[in-house]
Amino acid sequence: MQPYASLGFDSFGMKVKYDQTSSPGVKTEVEFDNTTNVHFTGGVLLGFPMVKLHAEFDVGAKTGGAIGLRFGV
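About the cut-offs
Residues numbered from 1 in each chain as written. Predicted model: local features only at pLDDT ≥ 70, side-chain atom pairs only at ≥ 80, totals over all residues. Heavy atoms only, no water. Patch = residues over 30% accessible without salt bridge, like charges linked within 9 Å, V, L, I, M, F, W, Y side chains within 5 Å. Areas by Shrake-Rupley, 256 points an atom, 1.4 Å probe, with all protein chains shown as cover. Salt bridge = Lys/Arg side-chain N within 4 Å of Asp/Glu carboxyl O. Helix = DSSP H or I, 4+ residues; strand = E, 2+ residues; numbered from the N terminus. Phe/Tyr/Trp six-rings, centres within 6.5 Å; stacked < 30°, edge-to-face > 60°. Buried < 20%, exposed > 50% of the residue type's maximum accessible area, 1.4 Å probe, protein only.

**Comments concerning a nonpolar patch on the surface**
- Together, Met1, Leu46, Phe48, Leu53, Leu69 and Phe71 make up an exposed nonpolar region whose accessible area comes to about 650 Å².
- Tracing the chain through its elements places phenylalanine 71 in strand E4 (residues 64-71).

Laid out in C-alpha cells, this is it:
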C-alpha cells in the first residue's frame, strides 16, 4: 500500500482581444477575473501482482474523487 498526499495552489486570469475573420470589422474582447485556489489531494495505491488499484480524493474549488484499476507488470 502506498499512500500519497499533495497540497497545491493555482491561479488563473485571462484577457483576450481578437478580430473575427468571418465578420470583418467585428472585434471581440473577453476578460476573466483573476482567481486563486488552494487544493489538497490524498489517495492510496494498492499494488498486487499484475493488478494495481488506486483511489484519490481532491478538495479545492471543486471537490472530486477518482478510482482506477490497472493491469500489467
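**Considering the packing of aromatic side chains**
- Summed over all chains, the structure comprises 1 aromatic pair.
- Seen in terms of ring centroids, phenylalanine 12 and phenylalanine 32 are 6.2 Å apart; in terms of plane orientation they differ by 55°. Their pairing is tilted. Placement of the pair is phenylalanine 12 in strand E1 (residues 2-19) and phenylalanine 32 in strand E2 (residues 27-48), with a sequence separation of 20 residues.
- A relative accessible area of 42% means that phenylalanine 12 is categorised as partly exposed.

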